[in-house]
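Okay, here's what each chain looks like letter by letter:
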Amino acid sequence: MNGKEKFIGIVCGLKSEKTAVRAVAGRRAIRIGVSGASAARAEEIARRFCHEGAAAILSVGVSGGLDPALKPGALVIGDSVMADSGELFESDRYLMSSIASSFATPYSLHPEESRRRVSKDKGNRAPEDEARVGRLFGADAIIDSAAKKAALFSNHGALAVDMESHGAARAAQEARVPFIAIRAIADPADRALPPAALSAVAPDGSTQVLKTLGAALRDPKQFPALMKLGADSAAATKTLRRELGPIFEKLAAQIDL
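It should be emphasised that the depicted structure is a prediction, and the values quoted were computed from it without experimental measurement.

Details of the pairing of strand 4 (residues 75-83)
When you tally the buried positions in strand 4, you get nine out of nine residues, the bulk of the element. As defined by bridge partners, strand 4 adjoins strand 9 (residues 179-185) across four bridges and the pair is classed as antiparallel. Considered in strand 9, the bridge of Leu75 is made with Ala184. Summarising the sheet, strand 4 and strand 5 (residues 88-90) pair through three bridges and their orientation is antiparallel.

Put into structure tokens, the structure is as follows:
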């Protein structure tokens, strides 16, 4: 890297995701940027990391489920990311292979088999303890209804949707730096987002709690949905904390950090 220190550049959408990553990063050479759920800011952060000598770019965080089989807390490894524009960004196959070795039961990385469900062990695991590999969809606007999610799943076969992976992937591709996306499901495919949650994320990636509560107070019927979303997001964050440590260890060995 022309004398620059190797590191993994990680792009998160939320500060809470950054906290989860930092909790398991240990002393590994990792730098984290927060986009505030903006593809443009994610691309800017990833481009800066590439310029600074990143050995790989990762998009890490929670996401919305598109495949009805995915429950809150399920882990999704993106083998590609499709943008709203129709652009398709492929994940790095060497990094994908490295991640595969983090699981007791390896999954196939062949594109035709990428949507296969893989259990991490031979015991009776819950859906949230399984890893899926397949396409992600990068949206420029919030996908707030079950109907929109169903359309994306039907039209593109994407497993999950987020708002920053395509930005980070675009910057990595332009810089010819390996990229991969790791997401955990928060809101599942059959659930709409409550209106009060649609403006909850600030540009710096923090959660605007008072603004969200204020919106809910004006329409108290939203509170059950907000509480469910909070529980689902907590399950997704728990998955990230549980799974990222071994994944980072494998990636660091692959990249020789």
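There is more to say, and it comes next.
What about a nonpolar patch on the surface?
A cluster of nonpolar side chains, contributed by Val209, Leu210 and Leu213, occupies part of the molecular surface with about 300 Å² of accessible area. Relative to the assigned elements, Leu210 resides in helix 6 (residues 209-217).

Describing the environment of Ser154
With respect to the helices and strands, Ser154 occurs in helix 4 (residues 146-156). Sequence separation of Ser154 and Leu66 is 88 residues, and the distance between their C-alpha atoms is 9.0 Å.

A short note on the pattern of salt bridges
Enumeration over the complete set of coordinates arrives at 17 salt bridges. Where Lys148 meets Asp144, a salt bridge forms, and the shortest distance between an N and an O atom there is 2.9 Å. The salt bridge partner of Arg191 is Asp232, with a shortest N-O separation of 1.9 Å. Linking Arg191 in the loop between strand 9 and helix 6 with Asp232 in helix 7 (residues 223-255), this pair joins segments that are 41 residues apart in sequence. Each of Glu43, Arg47, Glu87, Arg170 and Glu174 takes part in a single network of salt bridges with overlapping partners.

A closer look at helix 7
Every α-helix carries 3.6 residues per turn, so stepping three or four residues along brings you back to the same face. Compared with an ideal rise of 1.5 Å per residue, which puts 33 residues at 48 Å, helix 7 spans 45 Å between its outermost C-alpha atoms and is within 8% of the ideal. Positioned one or two residues after helix 7, Asp256 has a phi angle of 65°, which is positive.

As for the packing of aromatic side chains
Aromatic rings in a pair are described by how distant their centres are and how their planes are angled relative to each other. The final tally for this structure, using the stated rule, is one aromatic pair. Between Phe7 and Phe49, the ring centres sit 5.9 Å apart and the planes meet at 80°, which makes this aromatic pair edge-to-face. Of the two residues, Phe7 sits in the segment before strand 1 (8-12) while Phe49 sits in helix 2 (residues 39-51), which places them 42 residues apart along the sequence. By the burial criterion, Phe7 is buried, and Phe49 matches it.

Let's talk about the nonpolar core
In terms of nonpolar packing, the biggest core is built from 32 residues, with Ile10, Leu58 and Ile182 touching the most fellow members. Residue contributions to this core peak at seven residues, all from helix 7. Apart from the residues within four sequence positions on either side, Leu58 is in contact with Ile8, Gly9, Ile10, Val11, Ile180, Ile182, Phe248 and Leu251. Among the nonpolar cores identified, the runner-up in size contains 26 residues, and Ile45, Ala46, Ala54 and Ala74 belong to it.

Some thoughts on the environment of Arg28
One can find Arg28 in the loop between helix 1 (15-25) and strand 2 (30-34). Once you skip the residues sitting within four places of it in the chain, Arg28 turns out to touch Gly245, Phe248 and Glu249.

What to know about the side chain of Ser98
Here Ser98 lies in helix 3 (residues 93-100). With relative accessibility at 6%, the residue Ser98 sits in the buried group. Look past the residues within four positions of Ser98 in its chain and what remains in contact with it is Lys250, Leu251 and Gln254.

Cut-offs applied
- Each chain carries its own residue numbering, running from 1 in the direction its sequence is written.
- Whole-chain, interface and lining totals are the exception, using all residues; otherwise, since this is a predicted model, local features are given only for residues with pLDDT of at least 70 and side-chain atom pairs are given and counted only at 80 or more.
- For the side-chain quantities, the full set of heavy atoms in the structure was used; hydrogens and water were omitted.
- The classification of residues rests on relative accessible area computed with a 1.4 Å probe and restricted to protein chains. Under 20% of the type maximum is buried, over 50% is exposed, and intermediate values are partly exposed.
- Only runs of H or I of at least four residues qualify as helices and only runs of E of at least two qualify as strands under DSSP, and these elements are numbered from the N terminus.
- Two strands qualify as a pair provided that DSSP identifies no fewer than 2 bridges between them.
- Surface patches are defined over residues having more than 30% relative accessible area and no salt bridge, joining like charges when they lie within 9 Å and nonpolar side chains (Val, Leu, Ile, Met, Phe, Trp, Tyr) when within 5 Å.
- The accessible surface values rely on the Shrake-Rupley method and a 1.4 Å probe; as for residues, cover is taken only from the protein chains in view.
- By convention in these notes, a salt bridge is any Lys or Arg side-chain nitrogen within 4 Å of a carboxyl oxygen on Asp or Glu.
- For a helix, the expected span equals 1.5 Å multiplied by the residue count minus one.
- Only centres within 6.5 Å qualify two rings of Phe, Tyr or Trp (six-membered ring in Trp) as a pair; their planes then separate them into stacked at under 30 degrees, edge-to-face at over 60, and tilted for everything else.
- Within this scheme, the nonpolar core is defined by two criteria: the residues are buried Ala, Val, Leu, Ile, Met, Phe, Trp, Tyr or Cys, and they are joined through side-chain atoms within 4.5 Å.
- Whether two residues touch is decided by their heavy atoms; if any such pair falls within 4.5 Å, the residues are in contact.

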